[in-house]
Amino acid sequence: MPALTDEQLDQFHTQGYAVVDDVVPEEVLDPLEAEYGEVLEQLAGELFEAGQISSTYAGLPFGERLTRVYQDSGKVYSGYFDFSLPQGEIKRDTPMWHGPAVFNTLTAPSILDAVESIIGPEVYSNPVQHVRMKPPEHLMPSDPNSGNALIGATPWHQDLGVVTTEADDTEMLTVWIPVWDADESAGCLHLVPWSHQDGLAFHCAGPNASTPGLHIPEDRFRVEDAVPIPMRRGSALFMHRLTCHGSLPNRSDRIRWSLDLRYNPTGQSTGREAFPGFVARSRANPETELHDPEAWAQSWRDARERLAEGDAFTFQRWDFDDPACA
Ligand SMILES: O=C(O)CCC(=O)C(=O)O
Ligand SMILES: [Fe+2]
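1. Quick look at helix α2 (residues 26–49)
Inference 1: Here α2 contains 24 residues, and its C-alpha end-to-end distance of 34 Å stays within 8% of the 34 Å for a straight helix at 1.5 Å per residue.
Inference 2: Among the residues making up α2, those that are buried are V28, L29, L32, Y36, L40, L43, A44 and L47.
Inference 3: Where the residues of α2 are buried, they touch α3 (62–73), α4 (78–81) and α5 (100–106).
Inference 4: A positive backbone phi angle near 75° is found at G51, which sits one or two residues after α2.

And the structure:
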């Protein structure tokens, strides 16, 4: 099921999003899950060795094991699994994960076919990308200041708001992929249809100290028009860079596990130029496509090294002292 139908394309352009079934096959998702199982095995081993947890929780299914490791250590290790880097304080050993199963997901032909139908045949893998594994909030350690779960709902934002102004004219496309079914109770995304037509809203610093990042204050967009987007494994959400969205809290008993990827037409700014992207598909110059997972992983190790050496960078476009945030 590759390209979007005319109806789906129409919905994407008019309403700012489209959910498409059967985009990501089991042959892509199964190895991805297996690979992350190994990453968790490694993390649990390291924490156990360091005396941070009392058991490696070996033998538990992935979600329960992750939850127990976070609970026992009292910390969240999102960066250990993520295929990006933090937006500051990068060190030579800042954890990240750029395994082959992740690369094979980013470059899955069925995803690229769908992306191509929206942004055209020259497809660049934009480095704004994450894996998100969110355990049930009631089982998570909480922030001592706010009492909120250490990892939880994502506040309202637009994806153009989290990249630099260089990307203002970039046709950046967000692709959100549930690794497991994500319904409302599990904290699926919610979004405001048509909101991309209202332009970029002002973003402020996180709602409180335990919710870093950015958010759009609720009086700045039509929050009352928000709809939840429950999704099934194998489906993908294609979302416009100006669509207002966030996620609900995970009130279920299992982890909410998703990937969010970005693509843009090759040659346009990614809005995070300090991080590496690559040509995922080129109809004009197929020889420029990257097919080597190890070269991709190396490009991230090189970037980490360079940034750890002190190249200052920021992806921040907002002035939090603006009265709009008061
Ligand atoms: O998965 C989430 O909680 C947030 C994802 C998001 O903001 C995005 O995909 O752009
Ligand atoms: Fe987002």
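Now, onward.
2. Topic: the sheet that holds strand β7 (residues 227–229)
Inference 1: The sheet built from three strands is open, its strands ordered β7-β4-β9 with antiparallel pairing. The open sheet has two edge strands, β7 and β9 (245–247), and neither has a second partner. Adjacent strand axes in the sheet meet at a mean angle of 30° when their direction is disregarded.
Inference 2: In this sheet, β9 lies alongside strand β4 (residues 189–191) in antiparallel orientation, the contact comprising three bridges. When the sheet's bridge partners are listed, L191 is paired in β9 with H245.

3. Brief notes about the sheet that holds strand β10 (residues 256–265)
Inference 1: The strand order β1-β8-β3-β10-β2-β11 describes an open sheet built from six strands, whose pairing is antiparallel. With one partner strand each, in any of the chains shown, β1 (17–20) and β11 (278–282) form the two edges of the open sheet. Recorded for the sheet is a direction-independent mean angle of 25° between the axes of neighbouring strands.
Inference 2: Of the pairings in the sheet, the one linking β1 to strand β8 (residues 236–240) comprises four bridges and is antiparallel in character. By the bridge assignment for β8, A18 is matched with F238.
Inference 3: On top of the sheet, helix α1 (residues 6–15) reaches β1 and β8; it is set at about 150° to β1, its chief contact.
Inference 4: Sheet strands touched by helix α6 (residues 109–119): β1, β2 (122–134), β3 (173–178), β8, β10 and β11. Its angle to β3, the strand with the most contacts, is close to 150°.

Scoring rules and cut-offs
Think of each chain on its own: its residues are numbered from 1, step by step along the sequence as written. Think of it this way: whatever chain is written first is A, whatever ligand is written first is 1, and the rest follow in order. In keeping with the model being predicted, local features are shown solely for residues with a pLDDT of at least 70 and side-chain atom pairs are shown and tallied solely at 80 or more, while totals for entire chains, interfaces and linings include all residues. A helix here means a DSSP run of H or I that spans at least four residues, while a strand means a run of E at least two residues long, and both kinds are numbered starting from the N terminus. A helix is expected to reach a length of 1.5 Å times the quantity of its residues less one. Using C-beta atoms placed from the backbone, we call a residue buried if 20 or more other C-beta atoms fall within 10 Å of its own, exposed if 12 or fewer do, and partly exposed for counts in between. We call two residues in contact when their backbone-placed C-beta atoms lie within 7 Å. A pair of strands is labelled paired if DSSP reports no fewer than 2 bridges between them. Comment: axis = line fitted to C-alpha atoms, over the contacting stretch for helices; angle = value between 0 and 180 degrees taken between N-to-C directions.

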